[in-house]
Amino acid sequence: MRLDSLRDTFDVAIVGAGSAGLAAAAVTAGAGLATLVVDENAGPGGQIYRAVTTSPVKRRDILGEDYWAGERLVADAVRSGAAMLDATTVWSLDRDLAIGLSRDGSARMITARRVIIATGAQERPFPIPGWTLPGVMTAGGVQTMLKASGLVPAGETVIAGTGPLLWLLASQLVRAGVAIAAILDTTPRAAYLKAAPHAAGFVLSPLFAKGLALRREVAAKVRVIAGVTEIRAAGFGKLASVTYAAGGRQETLPVDNLLLHQGVVPNVNLAMAAGCQHRWDARQLCFVPVLDADGLSSVPGIAIAGDGAGIAGAWAAEERGRLAGVAAVRALAPQASAPDGQAIRQRLARHEAARGFLETLFQPPRQFRVPPSDDTIVCRCEEVTAGTVREAARLGCEGPNQLKAFTRCGMGPCQGRLCGLTVTEIIAETRGLSPEVVGSYRLRPPVKPISLGELARMPASAAAVKAVVR
Amino acid sequence: MFRRLPEIVQRVVTITVDGQRVAAQEGDSVAAALLAAGLTPTRLTPVSGAPRAPYCMMGVCFECIVTIDGVANRQGCLVPVREAMQVTTIAGRRELAI
Amino acid sequence: MAAARGQLAGLGEFDTVVVGGGLVGAAIAYGLGKLGERVAVLDEGDMAVRASRGNFALVWVQSKGLGMPEYADWTVASSDAWAGFAGDLQRETDVDVCFERPGGFMLALSDAEMTGRAETLKRFHNQATGSSYATTLMERAEVQRYLPDIGPEVVGGSFCPLDGHVNSLKLFRALHTALHRQGARYLPGHPVTAIERSGGLFRITTLKGALGAGKVVLAAGNANMHLAPMVGLTAPMRPERGQILVTERVRPFLRHPVVTVRQTDEGTVMIGDSKEEGFDPAGQTLDINAVMANRAVRMFPLLGGANIVRSWRAVRVMTADGFPIYDQSETHPGAFVVTCHSGVTLAAAHALTLAPMIHAGMLEHDQVATFSARRFDVQKAA
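Because the structure is predicted, anything quoted here is derived from the model rather than measured.

(A) Up close: the overall build of chain A. Each helix and strand counted, chain A has 19 helices and 23 strands in total. Compactness check: chain A gives a C-alpha radius of gyration of 22 Å against a globular reference of 23 Å for 470 residues, within 12% of the reference. A principal-axis box enclosing the C-alpha atoms of chain A has dimensions of 65 × 55 × 40 Å. Looking at chain A as a whole, 64% of its 470 residues qualify as buried. Long-range contacts, defined as pairs at least 24 residues apart, comprise 67% of the intrachain contacts of chain A with a sequence gap of at least 6. Per element, the accessible surface of chain A, about 16500 Å² overall, is 55% carbon and sulfur. On chain A, the mean spot of the 50 positive side-chain charges and the mean spot of the 40 negative ones are 1 Å from each other.

Here is the structure:
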């Protein structure tokens, strides 16, 4: 589909073709609403179901059946009649529901009567000394290489961090024949006790048995070091070794690939730039949008579904996508047929039952969120260290926006995606404030870079011309 | 360092990276192709010239930016390889050309 | 009243309290600190509307003062003092604010724009002014010698050798670092709710406690409009929104700042500028961005491929007639209002000329009398 042949306006525009986006599309398009699903990747599936329609990995047991379930989601969305626009960046969204699209070097605006933001999650930043060295990657990134290209790490490989995805990836790599030298598990021993009160909910959920089985499978073949409290990566120009501390002892391992993971956090940039209100979630330790029961945000006409609404996993994301879709149908075409909301909410509740346990158990330890050593890079784009951020906070910066002005932290192309949470927590700790009060970067379009030429070629109103040429 | 799983059916796509011919696999992103070929670092930062390579593989970190067919600062992890694609790695601040 | 006062936390006694920690307030506080004063600077919170973070960072002379030649003189004096000011800051804080004065341009993209510019320059030359600064009209061929990358639509422009630019965020950081080293007390998150004077002393009440001071300087930008009456002064403001686009870092190609396109020391290119009435910086008008992008690419076609990584909208501090307001109160001796649009250009004058006047307790008639807000009363009466 070419960008300039796209209609000017849709009933429903869905940003993101992952779990939530695909599920929402099936509902709205299925009800007869003109639906557009936009994704910047070259194919649907988002991150969890990355490349599910094109993966060269044929052995289904490597990636596991949960992954292949994504095929059905894509098929349902396509069959429902939704228009699927891939390889297209959404760089702007505003309160009037005008959406800026960019594809192949050309940009244009479209509008919709309702927008569902389903931009999902990103890996939580993991700022350790040396994390910017070539050879250090996120666990999710390596998983994407496996799914989309059948590529696996070679040489000495160490996985570090905490969270269910860590174990999932480890099991996938093990099944693919990769020798993992060690897993550095940063889950504090105390976390098990802390999570125990939530265990009842978790034990009843299908995740419990699965999770347990995965861990056993991995622990049988891979050296697991528990209770890791410090990690540093080192090397000249590229990763050569990783040093860790656990239980009072220290060890250095030679390493070619260090895969980091400490949970995922909502991808909030588009929603924040559109003006949707967010709040700090003290258990998930990140910013989440303020939503009503149908997923509607503080901006009329914009709903947020999936992990972008708060981390709850792929199945919950599907159900929340469906709920947002149902709400859109009720608002735009009340006579049309839509799935039963109550049944969806019941399934959602089952999928969310495990959250209390998982979030408490796998809450990333403070020293991996707020780097203790001053020379650790916090803002990768502008190469600003933790020490610089702390000093600016001591000088009087009470929030990330003043910090930007003082240090350029957050001014690079990633627009704070990799430094935002770290900065909020460093300022909070240094100034004795809560992260809610400290706040986050004030974001504005373009949320992804767009060329001056593309912007220059877009049409402009007479009022706009008058405001500039004087 | 990365290797391809043996079961993967080979569908070679040849691209050029900094003037050198590189065999990639159909369906690879440019970033994956560079990693598979061991061509790291994939850029030097504009701030200090520090060596970097793709980190997140999902369009969030911007470490994978390269010049593709003359267009600079494209996120390599979001662009699939195509036959005869010209990729240039970026050292420092990018050039501007008409 | 006394009981209410007693309830508020005492935050200290100072020679001067400066309300507003932006470029204007910080420059004045810094100047006072250099003269040995004990200074406190009050500021709002992190999300406050702040012109100090939303400016084009020009140290600009061209086009200043049409209709008020004293402003042209004041601007030239500040521009001439700027290099020394930057040097002082570097010595005192180790921050290089990257000030440069290579001369700057306004560019015309049509014959009509060129004619308009010529007419404005003629009116400038007809004004009586103490100092002379030459802004000359240049045809395309001569512009191209300075700016080799201009596009075919550039008809010509005007050039002033005194125009320059600075890294305004580094300036902001340098001033705050200097204040910190001077021992000034910086209190962010302390918006002012009342200012009273009794027994020769000011009591400044904020949401988090009260301060005492011999002098108070209101340097709170557009907020001066509601603060000035607390000390018997007026500051009619007409806030104005502007938008700016910022590109990724690119190799150096533009040495001379153009009033709407400049390349920073970091290599990023800033593109402006728009002007709309209003005070709300939220949201963004995309088609204004498109017009700015369009003009920038017509001025420098090689910018077409550059990526915009950021855009922001800010509120300009703008007095009702665009000229500074420097005032001292008769009903509340020791209270001053300092507010202006060009906080960057005038930073040197504020730190090195205006601050000493405030320190002495008197704004010197010769240099700054025209900037009193009484001129608005005169206009009204007229």
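(B) Structural detail: the interface of chain A and chain C. Between chain A and chain C, the contact holds 41 residues from the first and 52 residues from the second. Contact with chain C buries surface across chain A, with A:Phe406, A:Arg444 and A:Leu452 losing the most and accounting together for 18% of the total. Linking chain A to chain C there are two salt bridges. The partner of C:Glu266 in a salt bridge is A:Arg408, and the shortest N-O contact between them spans 2.8 Å. The interface formed by chain A and chain C includes 11 residue pairs in polar contact (both at pLDDT 80 or more). Elements with a contribution of two residues or more to the side of chain A that touches chain C: strand 4 (89–93), helix 15 (400–407), strand 23 (450–451), helix 18 (452–456) and helix 19 (462–468) of chain A. Examining the composition of the side of chain A that touches chain C, we find that six residues originate from one element, helix 15 of chain A, more than from any other. The class makeup of the residues in the side of chain A that touches chain C is 24 nonpolar, nine polar and eight charged. Pairing geometry for strand 23 of chain A and strand 16 (residues 307–316) of chain C, over two bridges, is antiparallel.

(C) Structural context of the pattern of salt bridges. Residues and elements named next belong to chain A. Counted according to the given criterion, the structure contains 50 salt bridges over all chains. The salt bridge partner of glutamate 71 is arginine 60, with a shortest N-O separation of 3.2 Å. Taken together, the positions of glutamate 71 in helix 4 (residues 70–79) and arginine 60 in helix 2 (residues 60–63) put the pair 11 residues apart, joining distant regions of the chain. Residue classification places glutamate 71 among the partly exposed residues on the basis of a relative accessible area of 34%.

(D) Spatial organisation of empty space enclosed by the protein. Under the counting rule described, the total for this entry stands at six cavities of 30 Å³ or more. The volume enclosed by the largest cavity comes to roughly 600 Å³. Forming the boundary of the largest cavity are 34 residues, of which A:Met411, C:Arg53, C:Leu169, C:Arg310 and C:Trp312 lie nearest the centre. Of all the elements in the fold, those that place two or more residues in the lining of the largest cavity are helix 15 of chain A together with helix 6 (168–182) and strand 16 of chain C. Each of domain 1 (3–54 + 169–235 + 322–381) and domain 3 (240–316) of chain C accounts for three or more of the residues forming the lining of the largest cavity. Put simply, the second largest cavity is a space of about 320 Å³. Along the walls of the second largest cavity sit 26 residues, with A:Pro413, B:Pro46, B:Ile65, B:Asn73 and C:Glu248 positioned nearest its centre.

(E) Seen up close, the pairing of strand 11 (residues 209–218) of chain C. Residue and element names in this part refer to chain C. Along strand 11, nine of the 10 residues are buried, which leaves the element largely enclosed by surrounding structure. Note that strand 1 (residues 10–19) and strand 11 share seven bridges and pair parallel. In the strand pairing of strand 11, phenylalanine 14 is matched with alanine 213. Looking at chain direction, strand 10 (residues 201–206) and strand 11 are connected through five bridges and run antiparallel. By the bridge assignment for strand 11, threonine 206 is matched with glycine 209. Between strand 10 and strand 11, which pair antiparallel one after the other, the connecting turn spans two residues.

Here is what the cut-offs are and how they apply
- Residues numbered from 1 in each chain as written.
- Chains lettered and ligands numbered in written order.
- Predicted model: local features only at pLDDT ≥ 70, side-chain atom pairs only at ≥ 80, totals over all residues.
- Heavy atoms only, no water.
- Helix = DSSP H or I, 4+ residues; strand = E, 2+ residues; numbered from the N terminus.
- Rg over C-alpha atoms; globule rule 2.2 N^0.38 Å.
- Buried < 20%, exposed > 50% of the residue type's maximum accessible area, 1.4 Å probe, protein only.
- Contact = heavy atoms within 4.5 Å.
- Areas by Shrake-Rupley, 256 points an atom, 1.4 Å probe, with all protein chains shown as cover.
- Lys, Arg positive; Asp, Glu negative; His and termini not counted.
- Charge placed at Lys NZ, Arg CZ, Asp CG, Glu CD.
- Buried area = accessible area lost by both parts, 1.4 Å probe.
- Salt bridge = Lys/Arg side-chain N within 4 Å of Asp/Glu carboxyl O.
- Polar contact = N/O pair within 3.5 Å; in protein donor to acceptor, adjacent residues only side chain to side chain.
- Nonpolar A, V, L, I, M, F, W, Y, C, P; charged D, E, K, R; others polar.
- Pairing = 2+ DSSP bridges.
- 1 Å grid on protein atoms, 1.4 Å probe; cavity = no way out; pocket = protein on both sides within 12 Å on 5 of 7 lines; lining within 4 Å.
- Points joined across faces, edges and corners; volume = space filled by probe spheres on them.
- Domains from an automatic or database assignment.

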